[in-house]
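# Per-entry structural report
Read off the chains here:
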Amino acid sequence: MRAYGLVESAPGRSVYRPTEAGERAAEAWETGEEKGLRALREAWQTSWFARATSRRLAQGPALRIGLVSKLMMLSNSEEAQRRKVEILVDLMVAVGMLRTEDGAPPVSTVRW
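Attention in this report is confined to the structure presented alongside it.

Cut-off values and rules
Residues numbered from 1 in each chain as written. Predicted model: local features only at pLDDT ≥ 70, side-chain atom pairs only at ≥ 80, totals over all residues. Heavy atoms only, no water. Phe/Tyr/Trp six-rings, centres within 6.5 Å; stacked < 30°, edge-to-face > 60°. Buried < 20%, exposed > 50% of the residue type's maximum accessible area, 1.4 Å probe, protein only. Helix = DSSP H or I, 4+ residues; strand = E, 2+ residues; numbered from the N terminus. Expected span 1.5 Å × (residues − 1). Arc of directions from axis to C-beta. Contact = heavy atoms within 4.5 Å.

For the coordinates displayed, the defined rule picks out 2 aromatic pairs. With a centroid separation of 6.0 Å and an interplanar angle of 70°, the aromatic rings of Trp-44 and Phe-49 are classed as edge-to-face. Using a relative accessible area of 0% as the deciding quantity, one classes Phe-49 as buried. Ring geometry for Trp-48 against Phe-49: centres 5.9 Å apart, planes inclined by 90°, an arrangement best described as edge-to-face. The class for Trp-48 is partly exposed, based on a relative accessible area of 37%. These aromatic residues form a ring-pair network of at least three members: Trp-44, Trp-48 and Phe-49.

Have a look at this one:
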């Protein structure tokens, strides 16, 4: 959540507080799921991973494995971090930032 701009470190050991974006997302969730998802998309739109994904998919759909590899390369992630990057792509699909191709399983192609 911290890496995605929704919480920040607070004084104390392992203590966090919501950022303004996190507060907006929480308030939006209270009014409904669609508003909450929209708030998360808006909060993440300027993140490095959203910009990188947008550039990667500017020419059209791509294989999910290619997108994961591109994000890993840009973040200087080791192979041990692959699952975390896969989860990030899953989250982008879940909030509606990415969508899978019609009829394709979520592991094949994604669109921005």
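After that view, the rundown keeps rolling.
The end-to-end C-alpha separation of helix α2 (residues 33–44) is 17 Å, in line with the 16 Å expected for 12 residues at 1.5 Å each. Buried within α2 are the following residues: Gly-36, Leu-37, Ala-39, Leu-40 and Trp-44. All buried residues of α2 project into a common sector of 160° when viewed along the axis, lining one side. Looking at the packing, one finds that the buried side of α2 touches α1 (20–31), α3 (48–56) and α5 (82–94).

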